[in-house]
Amino acid sequence: MLRRQFEGQQVIVVANREPCVHETTADGIAVRRPISGLVTALDPVLRATGGTWIAHGSGTADRAVVDRFDRVRVDSEDGTYTLRRVWLTRGEERGYYHGFSNTGLWPLCHLAFESPRFTRSDWRHYQAVNARFADAVVAEAQSSRPVVFVHDYHFALLPSLVRERLPDAIVVAFWHIPWPSVSRFARFSCGNALVEGLLGSDIVGFQTPEHAGHFLDCAATIGEIPIDRANGTVGRPHGVVMVRDYPISVECPSRWARTAPSIDECRRSVRASLGIEPDAPLLIAVDRMDYTKGIEERLSAIRRLLARGNATVGRPVFVQVAAPSRTRLEKYRLLGERVRAQVEAINSRFGSGEYQPVRLIERHVEPSEIFRLFRAADACHVNSLDDGMNLVAKEFVVARDDERGALLLSQFAGAARELSGAIMINPFDIDLVADGIADALTLAEDEQERRMRMMRGHLADYDVYRWAGDLLDDAAKVRRPPQKYSPDSMAAASGSW
Ligand code: ADQ
């Protein structure tokens, strides 16, 4: 559908993270897939539509493989597209990425009780880098009306900057993380610039209706902007902007599940490689090492559970895969140190002989290996304190073609709206999380099957192609002569969507 829909139409994706990174190694240049929910979701979509992905060139060998236009092909059997790299100076990377985006906007948007920090210099870098990426979009555009798909909190200003220079472009912005309430958003004193920047789009997409509602509330505080809440539309000089939720998803069926060994083989080989008993109950967690993911809270709950000596759970093993993330930021380095110390403390208190209750795998793990872990586990635990969606929860469900296994899911992950077959927990209540882990590891087989079947049925209907299809399908309807705002045009536009 995507291929047909966009035949002859140029799709340009803008995202900070590139879909593949070239690194210099002792054996030459190696290609690495970065750890990012955004890349997981978007790469299969761009393979289907073709087009250009514009991203920050962050790998040590990225410059060595591009042509004179800073482009490199991304090839696979499912399709090819172009990666256009934008180079940032150390100062730009520090100010725009580590500073404004990850020390300011990330904690502003996630309710994980970390204070956001904004500085004027980071804000200037953010503005400058958004302008640099707008230059790249204009340079890559082959017509006056490309579809420009702008991703995430790194580029809130970009839609308006593109609109100024390519007024007829179809601009779709997708915000992968939560959008905060008006009162929280007010902590950033130049917030209106972000809202107005995003409103340069034709569509502004969020993960949940709640986030879309918060965004409309923030737009309403600017004044003089006509907003139709019932239809989720905002009138702007270039036309009517649609603001609504498009819950992101994963491939279903998944190529990784299709090519994985049988469940029995995964259970056997994973337990053997971890050196644990063949029938040990296994709980798996897969996260970026980020304070929003509730890793410390999970470890506290595991400690609580082990301290209770719950006989029904036997001798469980908890595998925490934690990919290093944003390690240049002290908050993230300190989190890693605390997590390591917590794991050591739990293992020395509750381990004995060969038995180590917690295994921490702190590195990049290939998707094929992650899927083996999912298939070997009795339960998967997503403990986010706040999360736009959380794809790990959905990956676990698509990995379980045996319709077994229990999902323990934070009520504060966007995925909780859809995956009603999960055991829901409040990650801030350590005792309840400990109860939830025990429940997940002892869930009756017929109940596992009932819940899994329900969630798998949902994901079969709402996979990542459906997400992109819905967004881009709505975008395709914008292929009309640019429409000026009037009360009538707003009603007409919302009716047709
Ligand atoms: P992220 O915060 O990056 O994404 P998430 O949705 O959980 O989070 O996706 C993480 C991805 O990285 C998954 O595909 C997972 O399998 C993979 N991954 C995690 N640890 C890994 C490791 N050690 N090695 C290799 N891969 C690993 C942001 C938002 C989310 C939103 C996504 C997509 O914060 O809320 O779901 O974007 O919109």
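Residues numbered from 1 in each chain as written. Predicted model: local features only at pLDDT ≥ 70, side-chain atom pairs only at ≥ 80, totals over all residues. Heavy atoms only, no water.

The next thing to look at is the packing of helix α8 (residues 191–198) against helix α9 (residues 209–222). Taken N-terminus to C-terminus, the directions of α8 and α9 make an angle of 110°; their axes are 10 Å apart at the nearest point. Between α8 and α9, the angle is such that the two are roughly perpendicular. Considering the relative orientation of α8 and α9, their crossing is left-handed. On α9, the residues touching Asn 192, Val 195, Glu 196 and Leu 198 of α8 are Phe 215, Cys 218, Ala 219, Thr 221 and Ile 222. Looking at side-chain class alone, the contact of α8 with α9 contains six nonpolar, two polar and one charged residues. (Axes fitted to C-alpha atoms, helices over the stretch in contact; angles between N-to-C directions. Helix = DSSP H or I, 4+ residues; strand = E, 2+ residues; numbered from the N terminus. Parallel < 35°, antiparallel > 145°, perpendicular 65-115°, else oblique. Left-handed = near helix turned anticlockwise from the far one by under 90°. Contact = heavy atoms within 4.5 Å. Nonpolar A, V, L, I, M, F, W, Y, C, P; charged D, E, K, R; others polar.)

A grouping of Leu 111, Phe 113 and Phe 428 is seen on the molecular surface, where their side chains present a nonpolar patch of about 320 Å² in accessible area. Position of Phe 113 relative to the elements: it lies in the loop between α4 (90–109) and α5 (120–140). (Patch = residues over 30% accessible without salt bridge, like charges linked within 9 Å, V, L, I, M, F, W, Y side chains within 5 Å. Areas by Shrake-Rupley, 256 points an atom, 1.4 Å probe, with all protein chains shown as cover. Salt bridge = Lys/Arg side-chain N within 4 Å of Asp/Glu carboxyl O.)

Our next topic: the environment of Asp 168. Among the structural elements, Asp 168 can be located in the loop between α6 (158–165) and β8 (170–174). Along the sequence, Asp 168 and Asp 387 sit 219 residues apart, while their C-alpha atoms lie 34 Å from each other.

Once that is clear, we can look at the packing of helix α15 (residues 391–399) against helix α17 (residues 445–461). Contact geometry of α15 with α17 gives a least axis separation of 9 Å together with a crossing angle of 110°. Taken as axis vectors, α15 and α17 run roughly perpendicular relative to one another. Between α15, through Lys 394, Phe 396, Val 397, Val 398 and Ala 399, and α17, the contact on the second element is made entirely by Met 452, Met 455, Arg 456 and Leu 459. A per-class count over the contact of α15 with α17 returns seven nonpolar, no polar and two charged.

What follows is about the domain arrangement of the protein. Frequently, the measure chosen for interface size is the accessible area that the parts lose on association. Each assigned domain of the protein is listed here: domain 1 (2–249 + 466–496) and domain 2 (255–462). The C-alpha centroid of domain 2 is placed 31 Å from the C-alpha centroid of domain 1. Listed by partner, the interface residues are 33 residues for domain 1 and 28 residues for domain 2. Both faces considered, domain 1 and domain 2 share a buried interface measuring about 2600 Å² in area, 59% of it formed by carbon and sulfur atoms. Among the residues of domain 1 in contact with domain 2, Ile 35, Trp 106 and Arg 466 are the three that bury the most area, contributing 22% of the side total. Our count for the domain 1 to domain 2 interface comes out at one salt bridge. (Domains from an automatic or database assignment. Buried area = accessible area lost by both parts, 1.4 Å probe.)

What follows concerns the pattern of salt bridges. Taken as a whole and judged by the stated rule, the model has 39 salt bridges. Close ionic contact of Arg 404 with Glu 445 constitutes a salt bridge, the shortest N to O distance being 2.8 Å. Of this pair, Arg 404 sits in the loop between α15 and β17 (406–410) while Glu 445 sits in helix α17, and the two are 41 residues apart along the sequence. Beyond isolated ion pairs, a larger network of salt bridges with shared partners links Glu 403, Arg 404, Glu 445, Glu 449 and Arg 453.

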